[in-house]
Amino acid sequence: MLSYVDEIEVKDKKVFIRADFNVPLDQGIITDDTRIKSTLPTVRSVLDRGGSVILASHLGRPKGKVDKKYSLAPVADRLSELLGKEVMFIEDCIGKEVEEKAQHLKPGDILLLENLRFHPEEEKNDEGFARKLAGLADIYINDAFAVSHRAHASVEAITRFAGQKGAGFLIKNEITYFKKAMGEPERPLIAIIGGAKVSGKLEVLENLIQKVDKLLIGGGMAFTFLKAEGIEIGKSLVEDDLLDTARKVMKKADERGAKVILPVDCVVANKVDAEAEYKTTTINDIPADWLGLDIGEQTLKLFKEAIKDAGTIVWNGPMGVFEIEPFSKGTYGVVDLVADSPALSIVGGGDTDVALHRSGKSDKISFMSTAGGAFLELLKGETLPAIKALEH
Ligand code: AMP
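On a predicted model such as this, the values are computed, not experimentally measured, just so you know.

> Sorry, what's going on with the site of the ligand here?
Taken together, 14 residues are adjacent to the ligand, and Ala196, Lys201, Gly292, Glu323 and Asp351 come closest. One of the backbone N or O atoms of Gly220 is found 3.1 Å from a nitrogen atom in the ligand. Within the contact set of the ligand, an oxygen atom lies 2.5 Å away from a side-chain nitrogen or oxygen of Glu323. Contact with the protein chains covers 75% of the free accessible surface of the ligand, which is 510 Å². Per-class residue counts for the shell around the ligand are six nonpolar, five polar and three charged.

> Would you take a moment to explain a negative patch on the surface for this structure?
Together, Glu91, Glu97, Glu99 and Glu100 line one region of the surface with negative charge. Looking at the element boundaries, Glu91 is found in the loop between strand E5 (88–90) and helix H3 (96–103).

> Looking at this structure, how should I read the side chain of Thr331?
Checked against the element boundaries, Thr331 lands in helix H11 (residues 329–340). Taking the relative accessible area as the measure of exposure, Thr331 reaches 0% and is therefore buried.

> Looking at this model, I keep getting lost on the sheet that holds strand E14 (residues 291–295). Mind explaining?
Within a beta sheet, neighbouring strands are joined by backbone hydrogen bonds and run either parallel or antiparallel to one another. Spatially, three strands are ordered E13-E12-E14 in an open sheet, and the strand pairing comes out antiparallel. At either end of the open sheet lies a strand with only one pairing partner, and these are strand E13 (278–282) and E14. Along the sheet, successive strands turn relative to each other by an average axial angle of 40°, direction set aside. Pairing of strand E12 (residues 265–269) with E14, which is carried by four bridges, proceeds in the antiparallel orientation.

> Quick question: what am I supposed to make of the domain arrangement of the protein here?
On domain assignment, one finds that the protein holds domain 1 (5–171) and domain 2 (185–380). Taken together, the contact between domain 1 and domain 2 spans six residues of the former and eight residues of the latter. Note on domain 1 versus domain 2: buried area summed over both sides is about 580 Å², and carbon and sulfur give 68% of it. Area buried by domain 1 at its contact with domain 2 is led by Phe145, His149 and Leu170, which between them contribute 67% of it. Counting every contact that joins domain 1 to domain 2 gives one residue pair in polar contact (both at pLDDT 80 or more). Residue composition of the side of domain 1 that touches domain 2, by class: three nonpolar, two polar and one charged.

> What's the story with the pattern of salt bridges in this structure? I'm lost.
The final tally for this structure, using the stated rule, is 19 salt bridges. When salt bridges that share partners are traced, they join Asp33, Lys37, Arg78 and Glu81 into one network.

> Is there a simple way to think about H11 in this case?
Every α-helical turn comprises 3.6 residues, leaving residues that sit three or four positions apart pointing alike. In this model H11 runs 16 Å from its N-terminal to its C-terminal C-alpha over twelve residues, within 8% of the 16 Å that 1.5 Å per residue would give. Elements that come into contact with the buried residues of H11 comprise strand E9 (189–193), E14, helix H10 (297–307), strand E15 (312–316), strand E16 (344–347) and helix H12 (350–359).

> Whenever I open this one, the pairing of strand E10 (residues 214–217) confuses me. Can you help?
Looking along a regular strand, one sees side chains alternate from face to face of the sheet. Residues Lys214 and Leu216 point to one face of E10 and Leu215 and Ile217 to the other, with burial holding for every one of them. Strand direction decides the pairing type here: E9 and E10, joined by four bridges, are parallel. If you follow Ile193 over to E10, its bridge partner there is Ile217. Traced from E9 through helix H7 (residues 202–208) to E10, the parallel crossover comes out right-handed. One ladder, built from three bridges, connects E10 with strand E11 (residues 259–261); its direction is parallel. If you follow Leu216 over to E11, its bridge partner there is Ile261.

> I keep staring at the nonpolar core and nothing clicks. Help me out?
The tendency in soluble globular proteins is for nonpolar side chains to be buried as a group. Counting residues in each nonpolar core, the largest one holds 84 residues, and the members touching the most others are Phe16, Leu113, Leu215 and Phe225. It is helix H6 (residues 169–183) that contributes the most residues to this core, seven residues altogether. In this structure, this core is formed jointly by two domains, domain 1 (5–171) and domain 2 (185–380), each of which donates at least three residues. Apart from the residues lying within four places of it in its own chain, the contact partners of Leu113 are Phe16, Ile54, Leu55, Ala56, Leu72, Phe89, Ile90, Asp92, Cys93, Val98 and Leu136. Core analysis: the second largest hydrophobic core is formed by 27 residues, Ile8, Val10, Ala19 and Ile110 among them.

Conventions and cut-offs
Residues numbered from 1 in each chain as written. Predicted model: local features only at pLDDT ≥ 70, side-chain atom pairs only at ≥ 80, totals over all residues. Heavy atoms only, no water. Near = heavy atom within 4 Å. Polar contact = N/O pair within 3.5 Å; in protein donor to acceptor, adjacent residues only side chain to side chain. Areas by Shrake-Rupley, 256 points an atom, 1.4 Å probe, with all protein chains shown as cover. Nonpolar A, V, L, I, M, F, W, Y, C, P; charged D, E, K, R; others polar. Patch = residues over 30% accessible without salt bridge, like charges linked within 9 Å, V, L, I, M, F, W, Y side chains within 5 Å. Salt bridge = Lys/Arg side-chain N within 4 Å of Asp/Glu carboxyl O. Lys, Arg positive; Asp, Glu negative; His and termini not counted. Charge placed at Lys NZ, Arg CZ, Asp CG, Glu CD. Helix = DSSP H or I, 4+ residues; strand = E, 2+ residues; numbered from the N terminus. Buried < 20%, exposed > 50% of the residue type's maximum accessible area, 1.4 Å probe, protein only. Pairing = 2+ DSSP bridges. Axes fitted to C-alpha atoms, helices over the stretch in contact; angles between N-to-C directions. Domains from an automatic or database assignment. Contact = heavy atoms within 4.5 Å. Buried area = accessible area lost by both parts, 1.4 Å probe. Expected span 1.5 Å × (residues − 1). Right-handed = clockwise from strand over helix to strand, strands pointing away. Core = buried A, V, L, I, M, F, W, Y, C linked by side-chain atoms within 4.5 Å.

Now the structure itself:
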């Protein structure tokens with residue numbers, strides 16, 4: 001059984017919260033503090049009930065060495081502004097000084113530790129390192145959903161040494177929404193999957209096809225499916241070794257009475273470039289030396305029709321090379337479709353989140369996962385190692 005922070009007595013206790021403060025920084029300035037804000041409910045829950053908080057996180061990829069560029073110091077300042085109280089910061093996450101600081105914490109105090117990944121032991125899931133982290137507090141709470149698909153010391157090994165353990169509200173939210181969407185979904189359940197390659201999401205497609213009523217495929221990966229159907233796709237992205245797999249996914253859908261909906265038109269260009277020559281064609285007219293970089297208007301109409309009666313929508317991956325304006329309409333068109341749908345909508349993945357943020361329509365989505373990799377693991381049907389570890 002997984003306990004959540006609000007079910008654990010924290011009065012006069014020290015609570016170690018593993019957060020995800022992996023925020024984007026531009027010369028030490030935080031350019032997006034969404035991740036810090038996401039952990040506030042968990043932090044406040046402990047503080048309000050008379051506990052003290054020790055916060056730990058990774059930031060970037062310092063590769064096991066101290067690299068000031070990845071210091072969490074700016075996060076301490078931002079956190080302090082958001083909470084309206086002092087957040088102490090210490091320049092390491094283990095060691096004598098850290099232990100002393102932790103020992104003297106009083107109810108209501110907050111201490112932020114320095115980047116966990118300054119120590120190579122973090123990513124090695126090292127037990128000695130995990131034991132030291134766990135020893136700083138009475139209770140361990142994981143609220144770092146975005147790294148919970150990894151067995152790292154501060155999310156996995158640490159659970160073996162923690163007194164009491166549980167998950168924070170951010171993870172609670174992720175799991176609750178995910179179960180709603182994939183456990184006993186309001187049907188029809190529709191998945192929209194895009195992105196570059198089939199290979200990156202093969203297991204996701206294989207798992208989804210067992211559960212969804214309709215699978216809408218866009219992005220680069222659609223061309224492997226189209227080619228598998230015998231369509232000439234020009235120079236579009238394709239994975240020839242996965243043509244059979246694509247056919248298997250479509251066959252499985254057939255057997256279950258589920259529908260796979262592929263693009264019927266696309267924006268083709270002579271190169272992947274903002275200055276490229278481009279036009280929209282049906283998928284039967286892709287010029288031999290051009291490549292498909294976005295779904296077309298007719299496809300968007302088809303997708304609109306397909307999700308019209310949706311009970312639940314799960315979306316991951318852009319519909320085209322949305323980073324380049326001429327090839328972004330498909331992705332933003334799907335943003336509109338999902339945002340306007342009354343269905344329960346769950347969106348996850350780095351690029352999909354970027355598109356949603358840019359569109360300013362994030363608040364019209366029922367739930368936006370804070371994770372890319374961990375979200376995909378759930379879509380594959382996997383249990384995340386760090387969440388599993390909290391259950392023992
Ligand atoms: P993924 O990480 O698999 O979700 O892939 C995201 C990337 O897929 C984005 O950077 C898009 O530019 C890229 N992408 C989407 N559609 C296409 C396409 N038709 N051809 C090439 N790349 C694409």
